Amino acid sequence: MTTQKTGPGRRAPLLPQLIKFGAVGAVGFVVNLVVFNVMLLIVLRGVPHATIYSTVIATLVAIAANWVGNRFWAFSGQRQQNATREGLEFFVVSLAGMGIPLLCVWVSHYLLALTSPIADNISANGVGLVLGMLFRFAFYRWWVFSPARSAAGRAAAKARADEPATVTSPTLAGSPDGGLVGD
């Protein structure tokens, strides 16, 4: 892996960013796990469909915690100038990502009739959150916090576009196709 500088218009190296995203996600996981179990076992105990409600509430609280961590740490170099737009995009991706553990809980709880708190935790906080995490990372990195959409990224792209085109290889410049077709 190369150590690529992060700056205007450059992508952050994937591994360090994935590690930061994972750390933010770990905090979000703990928040989600605590809120889920408090809702399921205490607040909504005996309420019909408590598992579904607990999943939704816990995920919304974790989204708020993750927004702060991702915006100001994991993807800090790629933030958009328009925080409202970025926040709405983050929320949309997070809600779509919430559908994944929600679907896992629904399948486990209602289709497979695995109704114990342990089964609910495995489906929501094991399988569902891992699949949701992969989905969210991809969309956060390449859409919400895309370097090309940050103010610095747009400025660097404009600067590159304003530079005169140069030919870097005399071999390509002299070829009949201008180097469009490989040898």
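Above this text you will find the structure in question.
Just so it is clear, the model here is predicted, and its values are computed rather than measured.

A. Region of interest: the overall build of the protein. Within the protein one finds six helices and zero strands. Each helix and strand of the protein, placed in order from N terminus to C terminus, yields the pattern α-α-α-α-α-α. Residue burial in the protein is summarised as follows: out of 183 residues, 36% are buried. Taking contacts inside the protein between residues at least 6 apart in sequence as the whole, the part at least 24 apart equals 67%. Total accessible area on the protein stands at roughly 10,800 Å², and carbon and sulfur atoms take up 70% of it.

B. The pattern of salt bridges, seen in detail. Scanning all chains against the criterion turns up two salt bridges. A salt bridge links Glu-86 to Arg-71; the shortest N-O distance between them is 2.1 Å. Of the two residues, Glu-86 sits in helix H3 (residues 83-111) while Arg-71 sits in helix H2 (residues 50-74), which places them 15 residues apart along the sequence. Residues Glu-86 and Arg-71 agree in their burial class; the two are buried. Between Arg-85 and Glu-89 there is a salt bridge, with its nearest N and O atoms 3.1 Å apart. Here Glu-89 and Arg-85 lie together in helix H3, a separation of four residues that amounts to about one turn. For Arg-85, a relative accessible area of 44% corresponds to the partly exposed category.

C. Broad picture of helix H1 (residues 14-43). Those residues of H1 not exposed but buried are Gln-17, Phe-21, Val-24, Gly-28, Asn-32, Val-35, Phe-36, Asn-37, Met-39 and Leu-40. Where H1 is buried, its residues touch H2 and helix H4 (117-144).

D. Quick look at the packing of aromatic side chains. In total, this model carries 13 aromatic pairs according to the counting rule given. Residues Trp-67 and Phe-90 carry aromatic rings whose centres are separated by 5.1 Å and whose planes lie at 65 degrees to one another, so their mutual orientation is edge-to-face. Of this pair, Trp-67 sits in helix H2 while Phe-90 sits in helix H3; the two residues are 23 residues apart in sequence, bridging distant segments of the chain. Phe-90 matches Trp-67 in its accessibility class, with the two residues each being buried. Measuring from centroid to centroid gives 6.1 Å for Phe-90 and Phe-145, while their planes differ by 65 degrees, and the two rings are edge-to-face. Of this pair, Phe-90 sits in helix H3 while Phe-145 sits in the loop between H4 and helix H5 (151-162), placing them 55 residues apart in sequence. Phe-90 gets classed as buried once you look at its relative accessible area, which sits at 1%. Residue class for Phe-145 comes out buried when judged on its relative accessible area of 0%. Clustering of aromatic rings is evident, with ring pairs tying together Phe-21, Trp-67, Phe-75, Phe-90, Phe-137, Tyr-140, Trp-142 and Phe-145.

E. Seen up close, the nonpolar core. Membership of the largest hydrophobic core is limited to 12 residues, which are Phe-21, Val-24, Ile-63, Trp-67, Ala-74, Phe-75, Phe-90, Val-93, Phe-137, Tyr-140, Val-144 and Phe-145. Breaking this core down by element, the ones donating at least two residues are H1, H2, H3 and H4. If you look at the next biggest cluster of nonpolar residues, it comprises 10 residues, including Met-39, Leu-40, Ala-58 and Ala-124.

F. How the structure looks around the side chain of His-109. Within the secondary structure, His-109 sits in helix H3. Polar side-chain contacts of His-109 include one of 2.8 Å to the side chain of Asp-120.

G. Looking closely at unusual backbone geometry. The backbone of His-49 shows a phi angle near 65 degrees, a positive value even though the residue is not glycine. Positionally, His-49 belongs in the loop between H1 and H2. We note that Ala-113 has phi near 60 degrees; this positive angle belongs to a residue other than glycine. Secondary-structure assignment places Ala-113 in the loop between H3 and H4. Its relative accessible area of 54% is what places Ala-113 among the exposed residues.

Analysis parameters
- Residues numbered from 1 in each chain as written.
- Predicted model: local features only at pLDDT ≥ 70, side-chain atom pairs only at ≥ 80, totals over all residues.
- Heavy atoms only, no water.
- Helix = DSSP H or I, 4+ residues; strand = E, 2+ residues; numbered from the N terminus.
- Buried < 20%, exposed > 50% of the residue type's maximum accessible area, 1.4 Å probe, protein only.
- Contact = heavy atoms within 4.5 Å.
- Areas by Shrake-Rupley, 256 points an atom, 1.4 Å probe, with all protein chains shown as cover.
- Salt bridge = Lys/Arg side-chain N within 4 Å of Asp/Glu carboxyl O.
- Phe/Tyr/Trp six-rings, centres within 6.5 Å; stacked < 30°, edge-to-face > 60°.
- Core = buried A, V, L, I, M, F, W, Y, C linked by side-chain atoms within 4.5 Å.
- Polar contact = N/O pair within 3.5 Å; in protein donor to acceptor, adjacent residues only side chain to side chain.

The quantities given are spatial measurements derived from coordinates; they are silent on function.
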